[in-house]
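# Tertiary structure, described
One-letter residues, chain by chain:
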Amino acid sequence: MSEALADLPPLRESLAAHGLLAKKAFGQHFLLDLNITRKIARLAGVAAGDRVIEIGPGPGGLTRALLETGARVTAVEKDERFRPLLEELGVACPALDLVFGDALEVNEAAIAEGAPAHLVSNLPYNVGTALLIKWLTGPWTPASLTLMFQREVADRITAAPGDEAYGRLAVLVQATASAHRVMDVPARAFTPPPKVDSAVVRLAPREDRLAPERLRALEQATAAAFGQRRKMLRSSLKPLGGEALAVAAGLDPQARAETVDLAGFLRLADQLAGRGA
Ligand code: SAM
């Protein structure tokens, strides 16, 4: 670890020195225990020289752990109040670049300058799923994603057919990446503690990306099927072709969406997009 990083004041002191308190509107729940942030950096598999994009550095606990690995980190923060504190961190560690803005709007490809980059974030809960969908379906693909979610969202991301949490999000994630829940984090580990526990999910984007029109058809099929998840496919898919569509995709029209696996949904999507066999 560089001496400059080791000499930084503890995170609580930095927050107090800058008079910073968590703001609910920005989904701020901080990780001030470096043992936890170091474990997340380890789980991310980030190594010296890697490029990392961190969303929402806040007081910079996870940022410090990422910088300790020797990675080059670009941190994107929406809350301008953190500028002075983060700029101090940038002075101590020149491998840190800062972008102040909304992560939903930033151009990650431009930040990464064409090189592969890993995404790591203790995500703001209010935009966590929107950001995940942007990274899995947008024009830029991260090398890997290591992300903290509310545990209920982590369950929805990693659910298998038949699980209560299985739905559109799980199908979309499985179609674009492999996803594993790698760490549970209790609410008390955060300052201030959120109402619910959290979990870290690590995702590796698939190399064979779906063509945009196939992805759009998949979104259409899952929206219809899970929009009425208790109904049989022949009813829930009615606006798209009902029983005939289900049969053409090799699915039992009396089955319900929650039992259909990714392969089944991809066949539905291909029928919709006119690519079925
Ligand atoms: N990484 C810090 C940590 O682990 O202690 C803070 C995590 S906190 C859960 C979420 C962070 O994301 C906050 O710093 C918040 O200001 C920031 N944030 C919220 N919405 C954002 C957005 N749309 N774009 C970028 N940052 C955002």
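What counts, and at which threshold
- Residues numbered from 1 in each chain as written.
- Predicted model: local features only at pLDDT ≥ 70, side-chain atom pairs only at ≥ 80, totals over all residues.
- Heavy atoms only, no water.
- Salt bridge = Lys/Arg side-chain N within 4 Å of Asp/Glu carboxyl O.
- Helix = DSSP H or I, 4+ residues; strand = E, 2+ residues; numbered from the N terminus.
- Buried < 20%, exposed > 50% of the residue type's maximum accessible area, 1.4 Å probe, protein only.
- Axes fitted to C-alpha atoms, helices over the stretch in contact; angles between N-to-C directions.
- Parallel < 35°, antiparallel > 145°, perpendicular 65-115°, else oblique.
- Left-handed = near helix turned anticlockwise from the far one by under 90°.
- Contact = heavy atoms within 4.5 Å.
- Nonpolar A, V, L, I, M, F, W, Y, C, P; charged D, E, K, R; others polar.
- Near = heavy atom within 4 Å.
- Polar contact = N/O pair within 3.5 Å; in protein donor to acceptor, adjacent residues only side chain to side chain.
- Areas by Shrake-Rupley, 256 points an atom, 1.4 Å probe, with all protein chains shown as cover.
- Domains from an automatic or database assignment.
- Buried area = accessible area lost by both parts, 1.4 Å probe.

## Some points on the pattern of salt bridges
Per the stated rule, a full pass over the model turns up 18 salt bridges. In this structure, the salt-bridge partner of R151 is D184, at a minimum N-O distance of 4.0 Å. With R151 in helix α8 (residues 151-158) and D184 in strand β7 (residues 177-185), this residue pair connects regions lying 33 residues apart in the sequence. When its relative accessible area of 43% is taken as the criterion, D184 is described as partly exposed. Residue D270 pairs with R214 through a salt bridge whose shortest N-O separation is 2.8 Å. On the criterion of sequence distance, the pair formed by D270 in helix α13 (residues 262-272) and R214 in helix α10 (residues 212-227) is long-range, its members being 56 residues apart. The class for D270 is buried, based on a relative accessible area of 13%.

## A word on the packing of helix α7 (residues 128-137) against helix α9 (residues 168-176)
At their nearest, the axes of α7 and α9 sit 10 Å apart, and the two run at 30° to each other. Between α7 and α9, the angle is such that the two are roughly parallel. Here α7 and α9 pass one another in a crossing that is left-handed. Here T129, L132, I133, L136 and T137 of α7 come into contact with α9, specifically with L169, L172, V173 and T176. Taken together, the residues of the contact of α7 with α9 break down into six nonpolar, three polar and no charged.

## Overview of the site of the ligand
Around the ligand sit 20 residues in total, of which L31, G56, E77, D102 and N122 are the nearest. Q28 places a side-chain nitrogen or oxygen 2.8 Å from an oxygen atom of the ligand. Within the contact set of the ligand, an oxygen atom lies 2.6 Å away from a side-chain nitrogen or oxygen of E77. Considered on its own, the ligand offers 600 Å² of accessible surface; in the complex 99% of this is hidden by protein. Of all elements in the fold, only β1 (30-31) and β3 (72-77) reach the threshold of two or more residues within the shell around the ligand. Residue classes in the shell around the ligand are distributed as eight nonpolar, seven polar and five charged.

## Re the domain arrangement of the protein chain
Looking at the protein chain, the domain boundaries give domain 1 (3-205) and domain 2 (212-272). Centre-to-centre separation of domain 1 and domain 2, based on C-alpha positions: 34 Å. Domain 1 puts 13 residues into the contact, and the matching count from domain 2 is 14 residues. In total, about 1,000 Å² of surface goes out of reach between domain 1 and domain 2, with carbon and sulfur atoms giving 69% of it. Three residues stand out in domain 1 for area buried against domain 2, namely Y166, R168 and V171, and they jointly supply 49% of the buried area on that side. Taken together, domain 1 and domain 2 are joined by zero salt bridges. Along the contact surface separating domain 1 from domain 2 lie three residue pairs in polar contact (both at pLDDT 80 or more). When residues of the side of domain 1 that touches domain 2 are assigned to their parent elements, the largest contribution, six residues, is made by α9. Partitioning the side of domain 1 that touches domain 2 into residue classes produces five nonpolar, five polar and three charged.

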